[in-house]
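Secondary and tertiary structure notes
In case you want the letters, here they are:
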Amino acid sequence: MSTQKELGTTAFKAKDFATAAEHFGKAIEEDPRDHALFSNRSACYHNLKQHEEALGDAEMCINLKSDWGKGHQRKAMALHGMGHLDEAYKAYQEGLKVDPDNSQIKSGMQAVMKDQQADAMRGGGF
């Protein structure tokens, strides 16, 4: 594990997401083919409410390793944060195709469905 990745992980655990994102960014410069680094930085951006950046990193993660459920989870989290509920749901579905037992994907999908129902209740009545 690179020093930058270790520093990023330590900062993330301390909930210092901006510092963690910086370290993961430096680690990506060292190894731009490591899908997990993009996933980690996506999680940092998500926690910083920088959802467009989180989405970009999630998509890079998926491009590097499309059969890894966590990449799809990160994409769905970013889309959910942006309010794109239907797209988030689809991203979670893609994650379940490659990782059907992932409990985080399942709980994220439930959160999206709850928000979709709330949106329907607010705007869809006669």
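The sections below set out a description of the structure shown in this document. (Residues numbered from 1 in each chain as written. Predicted model: local features only at pLDDT ≥ 70, side-chain atom pairs only at ≥ 80, totals over all residues. Heavy atoms only, no water.)

Re the overall build of the chain
Counting secondary structure elements, the chain contains seven helices and zero strands. For the chain, the succession of helices and strands along the chain, N to C, is α-α-α-α-α-α-α. A compact globule built from 126 residues would reach a C-alpha radius of gyration of about 14 Å, and the chain, at 15 Å, matches this within 12%. Counting every position in the chain, which comprises 126 residues, the buried fraction comes to 40%. Just so you have it, the chain exposes about 7300 Å², and 49% of that area is on carbon and sulfur atoms. The centroid of the 16 positive side-chain charges in the chain is displaced by 5 Å from the centroid of its 19 negative side-chain charges. (Helix = DSSP H or I, 4+ residues; strand = E, 2+ residues; numbered from the N terminus. Rg over C-alpha atoms; globule rule 2.2 N^0.38 Å. Buried < 20%, exposed > 50% of the residue type's maximum accessible area, 1.4 Å probe, protein only. Areas by Shrake-Rupley, 256 points an atom, 1.4 Å probe, with all protein chains shown as cover. Lys, Arg positive; Asp, Glu negative; His and termini not counted. Charge placed at Lys NZ, Arg CZ, Asp CG, Glu CD.)

Some details on the side chain of Ser42
Along the chain, Ser42 turns up in helix α3 (residues 35-47). Residue class for Ser42 comes out buried when judged on its relative accessible area of 1%. Apart from the residues lying within four places of it in its own chain, the contact partners of Ser42 are Ala54, Asp57, Ala58 and Arg74. (Contact = heavy atoms within 4.5 Å.)

Things to note about the pattern of salt bridges
One pass over the structure, following the stated rule, counts five salt bridges. Between Lys5 and Asp34 there is a salt bridge, with the nearest N and O atoms lying 3.8 Å from each other. Linking Lys5 in helix α1 (residues 3-13) with Asp34 in the loop between α2 (17-30) and α3, this pair joins segments that are 29 residues apart in sequence. Per residue, the accessibility class of Lys5 equals that of Asp34, and both read buried. For Arg122, the salt bridge identified is with Asp119, shortest N-O distance 2.3 Å. Of this pair, Arg122 and Asp119 both sit in helix α7 (residues 103-123), three residues apart, which is roughly one turn of that helix. (Salt bridge = Lys/Arg side-chain N within 4 Å of Asp/Glu carboxyl O.)

A word on unusual backbone geometry
Where the residue is not glycine, phi is negative for most of them; where a peptide bond is considered, it is trans in most cases. Its identity as a non-glycine residue notwithstanding, Lys15 has a phi of 65°, on the positive side. Locating Lys15 in the fold gives a position in the loop between α1 and α2. You can call Lys15 exposed: its relative accessible area is 64%. With a phi angle near 65°, Lys49 is a residue other than glycine that sits in the positive phi range. The exposed category is assigned to Lys49, whose relative accessible area is 63%.

Some remarks on the state of the cysteines
Structurally, a disulfide amounts to a covalent bond that connects the sulfur atoms of two cysteines. Within the structure shown, the criterion is met by zero disulfides. Between Cys44, a free cysteine, and Cys61, which holds the nearest cysteine sulfur, the sulfur-to-sulfur gap is 13 Å. Since its relative accessible area comes to 1%, Cys61 is described here as buried. (Disulfide = S-S within 2.5 Å.)

Some points on helix α4 (residues 51-64)
An ideal rise of 1.5 Å per residue puts 20 Å on 14 residues; α4 measures up with 20 Å between its terminal C-alpha atoms. Looking at α4, one finds that the buried residues are His51, Ala54, Leu55, Asp57, Ala58, Cys61 and Ile62. Residues of α4 that are buried sit in contact with α3 and α5 (69-82). (Expected span 1.5 Å × (residues − 1).)

This is a description of form; function is not addressed.
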